[in-house]
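Below are the chains, spelled out letter by letter.
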Amino acid sequence: MTISFLLCTDCRERIKRGRQGAAMHCPLRHCCVISMGLGVLWLLFMLEVPREVEDDQDRMAVKEDQMFTLPVPQEDSYRRRKGLGPLEDWRNLTSKYLEKLQQRKKTWLTVGISSRPRPGPDPSGLLYTLLSVFRATSKVERKRLTVLVHLAGADPAWLAETVLNISSLFSPQILAGQLLLIHAPPDAYPPAGAGASGRELYSEQNVDHAFLMSSAWKLSEYFLLLEDNAFCAPNFISHVQWKVDTLRSQPWAFLEFANLGVLGKLFRSSDLPTLAHFLLLFYREKPLDRLLAHFRVLLAQKDPILCTPFLFYHRATYHPLNDRQKASGTRRKSPYAPDNPPGTAFTDMKVFEVHFPWEAYTLDESFFWTHNVSAGNHLTVILNQPADLRRVQVLTGTIVEGRHALERGQVELGYGPEGMPQRCSSFVLLGRLLEGQLDQEVVPRSVGHQVSCVRLLANANQAGGLIVRHIYLWEEHARDTGHSG
């Protein structure tokens, strides 16, 4: 099945000629609204849901036992839907639906997500993220919420399967107008530059988000940017609204409810057309997170405004196991999940017979707990073999409240293991914790070569409890080889 939600001819031609700025004016906004309307129309025709469902706007599509098992649509149902007439057969209905869509009540918050096909057999990240968004909001909060998803990429099979799964799981939200899908066809994107393969990934991401933001600016007062592999803290809308009310008299370009990449950035919707224009003008220059930081400075917000407790986190996912892997106890890991090569964790902090140091280095939800930390105390992971690291993430404190986080600390990389028991002979500073957390690419790359130790160091005395939730490590070679842990 081929899905094509159309952009207007004028926008396509302007983008092809490289006039990104001009394409972001009214024609692009108009065509994205058309794209959104066509996408939802296509879903509505596919759903085959009784009319009475429209009145049940607050009913969740997923039962409790479906949270971790996503149903797969039956082949017969797919074949029936595949027999739908082409897009041109019902274009005459588009104008009526768009009129209704534009008259819908403006909500307080739009959650925007852009998603592309993932490498490897883990296509469900977007579905789990949508589940987390709707399950983390109450019935009252959902009345103030719109979720806008941009399904990007040129793979028609992935696009058809994703739309089918979303329509099966979230039909009440779609019919209630709480969940909208858009898709910009590949020929709407600027042509790839010669020799620009190293930049192609973030260039596509920038254009993806430009379309997403251009489509979202009239839907609500505020726009919250999420990634397609995230989970949300309960009642995050109420927390976000409270923070916005608190900062109402303070000028800001965007607020940050996570410190991981572009996750959890909150914008005023009135700024989205300018931001979308900005992304299209400089889509080849920098990755999205760095462009957003530059945009923030241009809007006279010099420093980031981190809003704690953090409300959004990346979800570490694992591929399903086959029988042989189940028998051997091996877990296959998503390319986006941490690697955590084999190693040993030890500490000079107090250890109690409840939570042990090694629990901070596991890939499950266990953690290390201690109390009354002194300056110079450390928790160190010594790897069995030196590894080339490209990214390190250290999370301390509770997920929602942010309690028991390390208030002043830093993360160091160690080299040259020696002695028995082994210790690293030298360390270099990777970065300091901000609000008890660090998520950092290892730059320059040479710093990440042949790392034998990762050390979390306390820089000041701290009374009370301390929780070290996770020490996550990503290996350099895993990016290209799909390394399995």
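A brief report on the enclosed structure follows. (Residues numbered from 1 in each chain as written. Predicted model: local features only at pLDDT ≥ 70, side-chain atom pairs only at ≥ 80, totals over all residues. Heavy atoms only, no water.)

1. Let's talk about the nonpolar core
So, point 1. With 46 residues, the main nonpolar core has Leu109, Leu179, Phe236, Leu266 and Phe312 as its most contacted residues.
So, point 2. Contributions of two or more residues to this core are made by strand E1 (107–115), helix H6 (125–135), strand E2 (145–151), helix H8 (156–169), strand E3 (179–182), strand E4 (220–226), strand E5 (230–232) and helix H11 (236–246).
So, point 3. Among the elements that line this core, the one with the most residues is H6, at seven residues.
So, point 4. The contact partners of leucine 179, leaving out residues within four places of it in the chain, are Leu130, Phe134, Val147, Val149, Ile166, Phe170, Gln173 and Ile174.
So, point 5. One finds Ala184, Phe223, Leu280 and Leu288 within the second-largest nonpolar core, a separate group that totals 31 residues. (Core = buried A, V, L, I, M, F, W, Y, C linked by side-chain atoms within 4.5 Å. Buried < 20%, exposed > 50% of the residue type's maximum accessible area, 1.4 Å probe, protein only. Helix = DSSP H or I, 4+ residues; strand = E, 2+ residues; numbered from the N terminus. Contact = heavy atoms within 4.5 Å.)

2. Looking at a nonpolar patch on the surface
So, point 1. A cluster of nonpolar side chains, Val351, Phe356 and Trp358, forms an exposed patch at the surface whose accessible area comes to about 290 Å².
So, point 2. By the secondary structure assignment, valine 351 is in the loop between strand E12 (343–347) and strand E13 (368–373).
So, point 3. Judged by its relative accessible area of 40%, valine 351 is partly exposed. (Patch = residues over 30% accessible without salt bridge, like charges linked within 9 Å, V, L, I, M, F, W, Y side chains within 5 Å. Areas by Shrake-Rupley, 256 points an atom, 1.4 Å probe, with all protein chains shown as cover. Salt bridge = Lys/Arg side-chain N within 4 Å of Asp/Glu carboxyl O.)

3. Structural notes on the sheet that holds strand E16 (residues 409–418)
So, point 1. The sheet built from five strands is open, its strands ordered E12-E14-E19-E16-E17 with antiparallel pairing. The strands lining the two open edges of the sheet, one partner per strand, are E12 and strand E17 (423–432). Sheet twist, expressed as the mean angle between neighbouring strand axes with direction ignored, is 20°.
So, point 2. Both E16 and E17 contribute to a ladder of eight bridges, which runs antiparallel. (Pairing = 2+ DSSP bridges. Axes fitted to C-alpha atoms, helices over the stretch in contact; angles between N-to-C directions.)

4. So, the pattern of salt bridges
So, point 1. Taken as a whole and judged by the stated rule, the model has seven salt bridges.
So, point 2. Lysine 265 is paired through a salt bridge with glutamate 256; the nearest N and O atoms lie 3.5 Å apart. One exposure class covers both lysine 265 and glutamate 256, and it is buried.
So, point 3. A salt bridge links arginine 391 to aspartate 439; the shortest N-O distance between them is 2.8 Å. Separated by 48 residues along the polypeptide, arginine 391 in strand E15 (residues 389–396) and aspartate 439 in strand E18 (residues 437–441) bring together distant segments of the chain.
So, point 4. Residue classification places arginine 391 among the buried positions, given a relative accessible area of 14%.

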